[in-house]
Amino acid sequence: MVATDPVRVLVTGAAGQIGYALVPMIARGVMLGPNQPVILHMLDIEPAADALKGVKMELIDAAFPLLRGVVATTDVTEACKGVNIAVMVGGFPRKEGMERKDVMSKNVSIYKAQASALEQHAASDCKVLVVANPANTNALILKEFAPSIPEKNITCLTRLDHNRALGQISERVNVHVSDVKNVIIWGNHSSTQYPDVNHATINTSSGHKPVKELVSDDNWVKTEFISIVQQRGAAIIKARKLSSALSAASAACDHIRDWVLGTPKGSWVSMGVYSDGSYGIQPGLIYSFPVTCEKGDWNIVQGLKIDEFSREKMDKTAEELIEEKTLAKSCLN
Ligand code: NAD
Ligand code: LMR
């Protein structure tokens, strides 16, 4: 067997709820596969330093065979040194009754500061996934304040919304979730996102059938389904009094795994990536598109037919991102 060099994976906000669910998944190979050793870099802030130490102790106690080292620190420079993958979870979560915009001012300043640390100390080909909200706009700020990191390497998490859409279809049609594919989340990781099933299919004993044919209730697809997926984060906060954590951590692993190892043939996933103008979306915004991944690179799926209903929803969520960008910049001034 050829020895594989460990991959250094940074998790910021590692003492928080998502961090606590995410680091054991990474150490078990859920993110990078069962043969890839990892070194975990965990960053949190001073008030969480003891909790962070505790997480490190538990990682040691779990004796994960793939885990080759743990850096647990409150020093952003030490945390970013040589990292190949950065999962940016650090920040303040939304509480009941708050919109993502409400956490904007606190979180965008963190992303401005951490952009420089990543730019200076991470590996030059580091892949960045922003999870903390407002995820698209934090990623945009990170991209603007780390100009030497290639734009293609900065992404945000909308895979959780994508997985939520798969889950809702699977419940509705009563099929296994792994038989549903090619839903799309367009736009912002917020309540304006547009979950689109126009191109989605279900694997049945007689081949792949369009979701729209098997659901056979266009009204449900255009109203209840969209609203359930858009509001799922808020519904979880209402039920748990805390925002989603295990599903967010799992989606972060899915996002990085598919980005690094590739998407299956004939399937795409949703990722928040910088817009190159595809589908008429303002270039430079971090917008969720359907993408395929190969050899560590993502590409936006081209040529999908967009009807009027979709166009309107895709533009509405783009408008919110343009507003968030202006608001973020005013918070930083
Ligand atoms: P949490 O409060 O449990 O944990 C956040 C952690 O970040 C805390 O330990 C905090 O000390 C730390 N932190 C704060 N400022 C930091 C900084 N400057 N550097 C490093 N660490 C810092 O929150 P959580 O539930 O783990 O959620 C984290 C973020 O993820 C929130 O913004 C939440 O809204 C977001 N979220 C996004 C998605 C998504 O799909 N994109 C899903 C769920 C949650
Ligand atoms: C989620 O989608 O669960 C998170 O982004 C939490 C939130 O604020 O909605």
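The present account deals with the structure reproduced in this document. Predicted model, so just to flag it, every value in this text is computed and none were measured. (Residues numbered from 1 in each chain as written. Chains lettered and ligands numbered in written order. Predicted model: local features only at pLDDT ≥ 70, side-chain atom pairs only at ≥ 80, totals over all residues. Heavy atoms only, no water.)

## Here we look at the packing of aromatic side chains
Then comes step 1: Tallying each qualifying case throughout the model produces six aromatic pairs.
Then comes step 2: Ring centres of Trp220 and Phe225 lie 5.4 Å apart, and the angle between their planes is 45 degrees; this geometry places the pair in the tilted category. We note that Trp220, like Phe225, is buried.
Then comes step 3: A network of ring pairs unites the aromatic residues Trp186, Tyr279, Tyr287 and Phe289 as a single cluster.
Then comes step 4: Just above the ring of Phe309 sits the side chain of Lys222; from NZ or CZ to the centre is 5.0 Å. (Phe/Tyr/Trp six-rings, centres within 6.5 Å; stacked < 30°, edge-to-face > 60°. Buried < 20%, exposed > 50% of the residue type's maximum accessible area, 1.4 Å probe, protein only. Lys NZ or Arg CZ within 6 Å of the ring centre and 35° of its normal.)

## Observations concerning helix H5 (residues 135-145)
Then comes step 1: In terms of burial, H5 is largely enclosed, as nine of its eleven residues are buried.
Then comes step 2: What H5 keeps buried is the set Ala135, Asn136, Thr137, Asn138, Ala139, Leu140, Ile141, Leu142 and Lys143. (Helix = DSSP H or I, 4+ residues; strand = E, 2+ residues; numbered from the N terminus.)

## Considerations on the packing of helix H6 (residues 159-173) against helix H8 (residues 218-240)
Then comes step 1: With their axes 10 Å apart at the nearest point, H6 and H8 run at an angle of 125 degrees to one another. In terms of axis orientation, H6 runs oblique to H8. Handedness of the H6/H8 crossing: right-handed. Residues Asp161, Arg164, Ala165, Gln168, Ile169 and Arg172 of H6 lie in contact with H8, whose contacting residues are Trp220, Phe225, Ile228, Val229, Arg232, Gly233 and Ile236.
Then comes step 2: Of the residues that constitute the contact of H6 with H8, the class distribution is seven nonpolar, two polar and four charged. (Axes fitted to C-alpha atoms, helices over the stretch in contact; angles between N-to-C directions. Parallel < 35°, antiparallel > 145°, perpendicular 65-115°, else oblique. Left-handed = near helix turned anticlockwise from the far one by under 90°. Contact = heavy atoms within 4.5 Å. Nonpolar A, V, L, I, M, F, W, Y, C, P; charged D, E, K, R; others polar.)

## Some remarks on the sheet that holds strand S10 (residues 201-204)
Then comes step 1: Pairing is antiparallel across the open sheet formed by three strands, whose spatial order is S7-S10-S11. At either margin of the open sheet sits one strand with a lone partner, and together these are strand S7 (180-181) and strand S11 (207-210).
Then comes step 2: Taken together, the four bridges between S10 and S11 define a ladder with antiparallel strand orientation. Counterpart to Ile202 in the pairing with S11 is Lys209. (Pairing = 2+ DSSP bridges.)

## Considerations on the pattern of salt bridges
Then comes step 1: Going through the model one piece at a time under the given rule, you end up with twelve salt bridges.
Then comes step 2: Lys152 is the salt-bridge partner of Asp297, the closest N and O atoms lying 3.3 Å from each other. One end of the pair, Asp297, is in strand S14 (residues 297-300); the other, Lys152, is in the loop between H5 and strand S6 (154-156), with 145 residues separating them in the sequence.
Then comes step 3: Residue class for Lys152 comes out partly exposed when judged on its relative accessible area of 23%.
Then comes step 4: Across the pair Asp217 and Arg172 runs a salt bridge whose closest N-O atoms are separated by 3.5 Å. On the criterion of sequence distance, the pair formed by Asp217 in the loop between helix H7 (211-215) and H8 and Arg172 in helix H6 is long-range, its members being 45 residues apart.
Then comes step 5: A relative accessible area of 29% places Asp217 in the partly exposed class.
Then comes step 6: What makes Arg172 partly exposed here is its relative accessible area of 40%.
Then comes step 7: In the salt-bridge network here, residues are joined through shared partners; they are Arg159, Asp254, Arg257 and Asp258. (Salt bridge = Lys/Arg side-chain N within 4 Å of Asp/Glu carboxyl O.)

## Observations regarding the environment of Ile226
Then comes step 1: Within the secondary structure layout, Ile226 lies in helix H8.
Then comes step 2: Taking the C-alpha atoms as reference points, Ile226 and Met271, separated by 45 residues in sequence, lie 18 Å from one another.
Then comes step 3: Every residue in contact with Ile226, bar those within four places of it in the chain, is listed here: Tyr194, Pro195, Val221, Phe309 and Lys313.

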